[in-house]
Amino acid sequence: FMMNRRMFLKWSAGAVALAAAGVLTGCGGTNIDLNHPKEEVGGVVFLCDVVTNLSTGGSGTRVQYSPYFAIWNQNGEKVTIPRKDITGTFTDAEGEQENLTFLPGNLEIGAKQYVEYNGYSFRLETENSVTPSREKGTYELRIKYAGKTIVFYYDGQNMTSRVEV
């Protein structure tokens with residue numbers, strides 16, 4: 001199989017188009033979808049978006065927040081994020097805030113790995129019960145990593161992200 005200049009240019013253009021579309025393939029053949037709000041800290045990319053934003057559950061009428069969440073560890077070492085370093089705040093339409101607690105355990109991402117989490121493996125819940133009339137509001141997710149805080153804010157329609165030092 002000989003590759004000439006023309007074929008190389010065609011294939012290169014295709015690869016650039018795929019990269020621009022945000023679809024890359026990790027070592028394990030996993031598709032990495034970068035078309036979500038994302039922040040990178042120290043070679044680790046955090047992605048968060050809203051697929052389904054809330055459900056009531058848990059004990060009583062606590063609000064659960066289960067966004068789409070993924071981590072792409074581009075480093076050569078495993079990354080561990082302690083459960084206590086993943087927090088959040090739910091603010092209802094009247095401005096009353098409730099702390100959100102991360103329910104699963106620590107997040108561990110192997111070297112050069114991309115992990116997508118589902119609603120069971122990545123969810124937060126209000127510490128207190130919330131009456132059904134207060135269920136609509138905003139969500140702020142905070143992840144502490146490498147001396148910085150990655151913040152994903154959902155206003156009910158759009159997800160934004162930023163890094164705080």
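Residues numbered from 1 in each chain as written. Predicted model: local features only at pLDDT ≥ 70, side-chain atom pairs only at ≥ 80, totals over all residues. Heavy atoms only, no water.

Next up on the list: the nonpolar core. Phe-46, Phe-69, Leu-107 and Leu-141 are the most contacted members of the largest nonpolar core, which has 28 residues in total. At four residues, strand 14 (residues 137-145) tops the list of elements feeding residues into this core. Excluding residues that lie within four positions of it along the chain, Phe-69 makes contacts with Phe-46, Leu-47, Cys-48, Leu-107, Val-115, Glu-116, Tyr-117, Phe-122, Leu-141, Ile-143 and Phe-152. If you look at the next biggest cluster of nonpolar residues, it comprises eight residues, including Val-45, Leu-47, Ala-70 and Trp-72. (Core = buried A, V, L, I, M, F, W, Y, C linked by side-chain atoms within 4.5 Å. Buried < 20%, exposed > 50% of the residue type's maximum accessible area, 1.4 Å probe, protein only. Helix = DSSP H or I, 4+ residues; strand = E, 2+ residues; numbered from the N terminus. Contact = heavy atoms within 4.5 Å.)

Assignment of secondary structure puts Thr-126 in strand 13 (residues 124-126). Taking the relative accessible area as the measure of exposure, Thr-126 reaches 1% and is therefore buried. Only 2.8 Å separates the side chain of Thr-126 from the backbone oxygen of Asn-128, close enough to count as a polar contact. Excluding residues that lie within four positions of it along the chain, Thr-126 makes contacts with Arg-62, Val-63, Phe-90, Glu-98, Asn-99 and Leu-100. (Polar contact = N/O pair within 3.5 Å; in protein donor to acceptor, adjacent residues only side chain to side chain.)

The next thing to look at is the pairing of strand 4 (residues 44-49). Burial analysis of strand 4 places six of its six residues in the buried class, the great majority of the element. Burial of the side chains of strand 4 extends over both faces: Val-44, Phe-46 and Cys-48 are buried on one face and Val-45, Leu-47 and Asp-49 on the other. In sequence, strand 3 (residues 38-41) turns back onto strand 4 through a hairpin of two residues, with Gly-42 there showing a positive phi of about 55 degrees. Here strand 4 pairs with strand 7 (residues 68-73) via six bridges, running antiparallel. Looking at strand 7, one finds that Cys-48 is bridged to Phe-69. (Pairing = 2+ DSSP bridges.)

In spatial order, the strands read 3-4-7-12; together these four strands make up an open sheet with antiparallel pairing. With one partner strand each, in any of the chains shown, strand 3 and strand 12 (114-117) form the two edges of the open sheet. With direction set aside, neighbouring strand axes in the sheet form an average angle of 15 degrees. (Axes fitted to C-alpha atoms, helices over the stretch in contact; angles between N-to-C directions.)

Time to look at the pairing of strand 15 (residues 148-154). Within strand 15, five of the seven residues are buried, which leaves the element mostly enclosed by the surrounding structure. Sheet topology places strand 14 next to strand 15; seven bridges connect them, and they run antiparallel. Paired with Arg-142 across the bridge in strand 15 is Val-151. The loop that links strand 14 with its antiparallel partner strand 15 comprises two residues; one of these, Ala-146, has a positive phi angle of about 55 degrees. When strand 15 meets strand 16 (residues 159-164), the two strands line up antiparallel, connected through six bridges.

As for its position among the elements, Asn-158 is in the loop between strand 15 and strand 16. Of the residues examined, Asn-158 reaches a relative accessible area of 46% and is grouped as partly exposed. For Asn-158 and Asp-49, which are 109 residues apart along the polypeptide, the C-alpha to C-alpha distance reads 8.5 Å.

Interpretation in functional terms is not warranted from these geometric data alone.
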